[in-house]
Amino acid sequence: AHIDAAYLGEVTALSKDEMRVAFGRDADARAWSLYRSHARACLRVEIVDPRDPAPYWLICTNDPEALAHAIVSAKNHAAHSEQTGSPFSS
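Residues numbered from 1 in each chain as written. Predicted model: local features only at pLDDT ≥ 70, side-chain atom pairs only at ≥ 80, totals over all residues. Heavy atoms only, no water.

Across soluble globular proteins, nonpolar side chains have a tendency to be buried as a group. Ranked by size, the top nonpolar core spans eleven residues in total: Ile3, Ala5, Leu8, Leu43, Val45, Ile47, Trp57, Ile59, Ala68, Ile71 and Ala78. Where this core is concerned, the elements lending two or more residues are strand S3 (41–47), strand S4 (56–61) and helix H2 (64–84). What Ala5 contacts, discounting residues up to four positions off in sequence, is Ala74, Lys75 and Ala78. Listed in part, the nine residues of the second largest apolar core include Leu14, Ala22, Ala31 and Tyr56. (Core = buried A, V, L, I, M, F, W, Y, C linked by side-chain atoms within 4.5 Å. Buried < 20%, exposed > 50% of the residue type's maximum accessible area, 1.4 Å probe, protein only. Helix = DSSP H or I, 4+ residues; strand = E, 2+ residues; numbered from the N terminus. Contact = heavy atoms within 4.5 Å.)

In C-alpha cells:
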C-alpha cells in the first residue's frame, strides 16, 4: 500500500490489549492492516484523505517509536513542502 504523507493523520501506539481489540472486536473492514503475530506493538495511523475509503492503517512493528518518528517526520516534511510550494527541503 502507498499513501502520500500529507494524508496521514494522528499516529497512536496501541498496547497488546488494544491491538487485540483493534484487530478483533473493533476492526473496521475498510481499514488497511499489516498484522504480524510476532510483533510486540502496533500503530494506528488515521487517514485524512476524504477520497480514501480506509479510515486508518494498523501496522504491527517491533519498534513502534522508530516507526512513529518516521511517520511524523514524513508528515512534517509534507506539510513544509505544501506551505513552501516546493517538494524539496530547504
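Okay, back to it.
The subject of this paragraph is the environment of Ala22. Mapped onto the elements of the fold, Ala22 is located in helix H1 (residues 16–23). Exposure remark for Ala22: the relative accessible area of 10% places this residue in the buried category. As a C-alpha pair, Ala22 and Ala70 span 48 residues in sequence and 22 Å in three-dimensional space.

Turning our eyes to something else, we now look at the packing of aromatic side chains. Tallied over the full model, the rule gives two aromatic pairs. Between Phe23 and Tyr35 the ring centres are 4.9 Å apart and the planes differ by 65°, which places this aromatic pair in the edge-to-face class. With Phe23 in helix H1 and Tyr35 in the loop between strand S2 (32–34) and S3, the pair connects residues that are twelve residues apart, well separated along the chain. Given the relative accessible area of 25%, Phe23 is considered partly exposed. With a relative accessible area of 49%, Tyr35 lands in the partly exposed category. Ring geometry for Trp32 versus Trp57: centroids 4.5 Å apart, planes at 40°, classification tilted. Of the two residues, Trp32 sits in strand S2 while Trp57 sits in strand S4, which places them 25 residues apart along the sequence. Look at Trp32 and you get partly exposed, because its relative accessible area is 30%. A relative accessible area of 12% places Trp57 in the buried class. Seen from the ring of Tyr56, Arg44 lies directly overhead, with NZ or CZ sitting 3.7 Å from the centre. (Phe/Tyr/Trp six-rings, centres within 6.5 Å; stacked < 30°, edge-to-face > 60°. Lys NZ or Arg CZ within 6 Å of the ring centre and 35° of its normal.)

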